[in-house]
Amino acid sequence: MSLLHSIQLAPADPILGLNEAFARDARPDKVNLGVGVYLDEDGTLPLLECVRVAEERLTKQNRPHGYLGIDGMPAYIDATRDLVFGADSSVLARTASVQALGGTGALKVGADLIKQLNPGAKFLISTPSWENHRALFTRAGFDVEHYRYYSPGLRGIDVEGMIEDLEAAEEGTVVVLHACCHNPTGYDLSADDWGRVIDVVKSRNLTAFIDMAYQGFGFGIQEDKAVIDRFVDAGLEFFVATSFSKSFSLYGERIGALHVVTRDTDAAVRVLSQLKICIRTNYSNPAKHGAALVAEVLNDPELRRMWEDELAAMRTRIKALRSQLVAELRAEGITDMDFIAEQLGMFSYSGLTKEQMVALRTEHGVYGTDAGRMCVAALNSRNIGHVARAIAAVR
């Protein structure tokens with residue numbers, strides 16, 4: 001019997017599998033709202049002007065392609081850490097930071113460290129959460145359970161249920177939280193709600209693992225990191241995974257970072273040493289080009305301003321698309337989906353059932369996840385009417 005004889009066929013990824021099905025669809029009016037990618041009005045992936053300029057500069061330097069250190073590019077690490085915590089934050093000295101292979105890689109490196117420190121820890125993710133959260137932490141060897149978050153009846157967050165579930169969690173439980181632009185629902189906690197969450201995390205001795213993949217897509221760069229500042233002010237140890245796929249439109253470069261806030265500088269040094277081992281025994285060290293682009297932009301005042309303007313334009317356009325979709329739905333006689341305009345970020349939790357989402361794909365060529373998530377950032381003036389009519393047809 002060979003090693004591979006009994007291997008089972010794995011199910012398709014719930015998101016990337018949609019992309020494959022979309023590619024096979026021959027209908028000219030098909031629309032892909034499944035994968036979380038920002039597309040411009042022409043329906044194409046944009047190359048940000050700040051990235052284009054940075055790339056031209058780097059190309060002219062004719063640098064060799066040597067290895068980065070295990071923890072990544074220093075200029076990139078410092079710039080991304082400043083973006084998350086603020087350049088003048090007192091927490092920087094007690095934060096261990098590493099470059100990672102996108103936000104997913106940051107989550108995995110963090111999970112590997114937690115497995116080493118507390119192998120019996122339980123993870124709690126929101127109901128619902130990004131589809132890969134459960135898979136990633138389960139494959140890392142943890143039991144993954146849920147805390148209540150989205151309530152279909154409320155068309156919003158079940159804050160009381162969330163607090164109740166966190167209060168019932170065992171000490172040492174790792175709670176995965178979305179800093180802003182909750183994926184997949186688009187519903188974020190209020191400032192008061194965050195205060196209650198932080199109080200429970202502190203009183204129950206839980207570990208917060210904050211996923212911040214969309215900084216700048218909610219209200220702004222500073223506004224979207226407000227929850228990070230509050231965890232710092234609470235004196236907590238916590239993890240932050242960040243990604244620049246969306247905010248820089250650098251999806252294929254896999255640019256992310258992991259930040260671990262500790263009690264003191266000595267602890268940060270020890271944590272960094274262990275993070276390096278996690279990385280070394282996984283992929284050895286990260287790639288250079290994407291990190292160099294981000295570092296060039298963030299560390300150059302002119303390019304930084306250009307990036308912030310381009311990011312703001314994407315954020316503003318997504319909000320306009322939400323309002324336009326609501327208007328198109330109302331024109332089709334659907335008056336109970338106005339909540340789409342109130343949600344934040346790239347995604348909308350539409351409230352459509354699995355059967356309705358399947359019908360959207362099979363009958364109308366509109367692709368979203370079975371859970372009802374749609375990527376609003378993939379809409380444009382040419383396809384938004386078709387999407388609205390398709391939704392009306394399946395309801």
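Scroll up to find the structure.
Everything numeric in this text was worked out from a predicted model, so none of it was measured. (Residues numbered from 1 in each chain as written. Predicted model: local features only at pLDDT ≥ 70, side-chain atom pairs only at ≥ 80, totals over all residues. Heavy atoms only, no water.)

Asker: Break down the environment of K30 for me, citing the residues and quoting the values.
Answerer: Locating K30 in the fold gives a position in the loop between α1 (16–24) and β1 (31–32). Of the residues examined, K30 reaches a relative accessible area of 23% and is grouped as partly exposed. Taking C-alpha positions, K30 is 8.6 Å from N383, a pair spaced 353 residues apart along the chain. The contacts of K30, once residues within four sequence positions are left out, are F22, A23, D25 and G365. A polar atom in the side chain of K30 sits 2.8 Å from the backbone oxygen of F22. (Helix = DSSP H or I, 4+ residues; strand = E, 2+ residues; numbered from the N terminus. Buried < 20%, exposed > 50% of the residue type's maximum accessible area, 1.4 Å probe, protein only. Contact = heavy atoms within 4.5 Å. Polar contact = N/O pair within 3.5 Å; in protein donor to acceptor, adjacent residues only side chain to side chain.)

Asker: Report on unusual backbone geometry, specifying residues and quantitative values.
Answerer: Backbone phi values are negative for most residues with the exception of glycine, while trans is the configuration of most peptide bonds. Looking along the chain, the bond that leaves T127 and enters P128 is cis, with omega of -5 degrees. Its location among the elements puts P128 in the loop between β3 (122–127) and α5 (131–139). Here the residue pair N183 and P184 is connected by a cis peptide bond, since its omega of 25 degrees sits within 30 degrees of zero. Looking at the secondary structure, you find P184 in the loop between β7 (174–178) and α7 (191–203). The phi torsion at R155 lies on the positive side, around 50 degrees, for a residue other than glycine. When you line up the elements, R155 lands in the loop between β5 (150–151) and β6 (156–157). Accessibility expressed as a relative area gives 33% for R155, which makes it partly exposed.

Asker: Mind laying out the packing of helix α3 (residues 74–85) against helix α11 (residues 289–299), listing which residues take part and the relevant values?
Answerer: Contact geometry of α3 with α11 gives a least axis separation of 9 Å together with a crossing angle of 55 degrees. The angle between the axes of α3 and α11 places the two elements in the oblique class. For the element pair α3 and α11, the recorded crossing hand is left-handed. On α11, the residues touching A75, Y76, A79 and T80 of α3 are A291, V294, A295, L298 and N299. (Axes fitted to C-alpha atoms, helices over the stretch in contact; angles between N-to-C directions. Parallel < 35°, antiparallel > 145°, perpendicular 65-115°, else oblique. Left-handed = near helix turned anticlockwise from the far one by under 90°.)

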